[in-house]
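# Examination of the molecular architecture
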Amino acid sequence: MKLSKVLTSVALAGSVAALSAPAMARDTISIVGSSTVYPFATVVAERFGANTDFPTPKLESTGSGGGLKLFCQGIGTQHPDITNASRRMKPSEFDLCSSNGVTDITEFRIGSDGIVIASSSKAENLDISLEQLFLALGKQVPNPDNENELIANPYENWSDVDSSLPNKPIRVMGPPPTSGTRDAFVELAMQGGCEDLPAVADMSEDDMEGVCHSIREDGAFIEAGENDNLIVQKLIDDTDLFGVFGYSFLEENADRLQAARLEGMVPTVENIAADEYPVARSLFFYVKKAHVGVVPGINEYIEEFTSAGAMGPNGYLKSVGLIVPPREALMDLQDKAAEMPNLKKDVLM
């Protein structure tokens with residue numbers, strides 16, 4: 001064999017080997033997961049990168065389920081170190097992790113998120129069930145003459161849905177599909193009002209979500225972009241308009257806005273933190289312990305996220321809308337950061 005061919009063969013073999021071997025050298029924390037947790041984690045990551053010698057972590061908004069799927073694919077720096085989630089890990093996801101050797105995981109419940117339906121304090125308020133809310137805003141809803149059949153939403157006024165609701169046009173301003181607030185709204189409010197309807201009862205999970213998560217596009221729901229402050233201003237100027245946004249914006253404008261009652265309940269810090277408000281949920285992140293000490297800065301990032309400066313009663317995460325845990329829960333969280341206990345499957349049941 002000619003020397004040139006030998007050298008070419010050696011070079012090619014080396015290239016293949018390099019491509020086949022996982023890239024184990026990584027000095028930047030890789031975080032995936034929930035779009036709802038993403039804004040909070042981004043603030044922490046930016047502070048962490050600015051105030052330490054570690055690089056700012058890389059974050060990807062993949063959704064809770066997508067993040068957990070990536071997280072559970074295996075050990076090694078070709079896989080994420082941390083995944084954010086706007087719900088708790090499912091037992092089936094725990095099993096997926098275990099089957100791929102991801103057996104040592106620590107769970108952190110970082111707080112709560114509340115989504116409100118609000119209007120001007122001068123407007124007629126809403127007292128509405130989740131089912132009524134879905135019937136007002138769903139793209140397809142049950143036929144009033146045949147509850148097992150879905151039709152394009154025919155309702156024009158709130159009172160068309162139920163005579164107890166205001167006799168004025170259905171007009172709701174809210175965030176676009178790219179927003180974590182929109183994700184929370186469709187998953188908790190829309191799906192919560194839709195999933196038990198006879199028309200979707202026998203559907204597969206994917207088909208059911210396709211119906212329950214689809215908001216009408218005929219002008220009744222108005223996308224406002226990612227700026228919740230714009231929604232607040234529109235509500236103040238228009239007493240016939242309702243808006244969807246995070247609880248913190250209601251709290252900041254309590255003198256000018258009012259929250260609708262959902263299932264008879266007005267949102268408060270207390271009932272959101274206790275997961276009692278219908279459109280509230282706990283937020284989590286999960287850490288792959290096998291990567292601690294391999295990818296630099298993971299422990300320090302966790303310490304920053306669970307610090308009083310971030311999650312205390314006057315912490316910077318509260319200022320960007322997180323319903324932070326009470327003092328005792330935060331102390332437990334800090335103990336967990338120090339000890340990194342393994343998540344057990346039985347607590348997920």
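The structure displayed is predicted, hence computed values, not measured ones.

With that out of the way, let us pick up the pattern of salt bridges. In total, this model carries 11 salt bridges according to the counting rule given. A salt bridge links Asp275 to Arg109, with the shortest nitrogen-to-oxygen separation between them at 3.8 Å. Highlighted residues: Asp275 in the loop between helix H11 (269-273) and strand S13 (280-288) and Arg109 in strand S4 (residues 105-120), separated in sequence by 166 residues. Classification of Asp275 by relative accessible area gives partly exposed; the value is 36%. Looking at Arg109, the relative accessible area reads 30%, which means it is partly exposed. Ionic pairing is found between Lys168 and Asp240, a salt bridge with its closest N-O pair at 3.7 Å. One end of the pair, Lys168, is in the loop between helix H6 (158-161) and strand S8 (172-174); the other, Asp240, is in the loop between helix H9 (228-237) and strand S10 (242-246), with 72 residues separating them in the sequence.

A general feature of soluble globular proteins is that nonpolar side chains tend to end up buried together. If you look at the biggest cluster of nonpolar residues, it comprises 54 residues, and the most contacted ones within it are Ile117, Leu133, Leu137, Trp158, Phe185 and Phe245. Those residues in contact with Leu137 that lie beyond four places of it in its chain are Asn153, Ile170, Val172, Phe185, Met190, Ser214, Ile215, Arg216 and Phe221. Core analysis: the next-biggest nonpolar cluster, separate from the first, contains 30 residues, Leu283, Tyr301, Met311 and Leu317 among them.

Successive side chains on a regular strand alternate, one facing one side of the sheet and the next facing the other. Alignment of strand S6 (residues 140-143) against strand S7 (residues 146-152), held across 4 bridges, turns out to be antiparallel. When the sheet's bridge partners are listed, Pro142 is paired in S7 with Leu150. The antiparallel hairpin formed by S6 and S7 contains 2 residues in its connecting segment.

Thresholds applied
- Residues numbered from 1 in each chain as written.
- Predicted model: local features only at pLDDT ≥ 70, side-chain atom pairs only at ≥ 80, totals over all residues.
- Heavy atoms only, no water.
- Salt bridge = Lys/Arg side-chain N within 4 Å of Asp/Glu carboxyl O.
- Helix = DSSP H or I, 4+ residues; strand = E, 2+ residues; numbered from the N terminus.
- Buried < 20%, exposed > 50% of the residue type's maximum accessible area, 1.4 Å probe, protein only.
- Core = buried A, V, L, I, M, F, W, Y, C linked by side-chain atoms within 4.5 Å.
- Contact = heavy atoms within 4.5 Å.
- Pairing = 2+ DSSP bridges.

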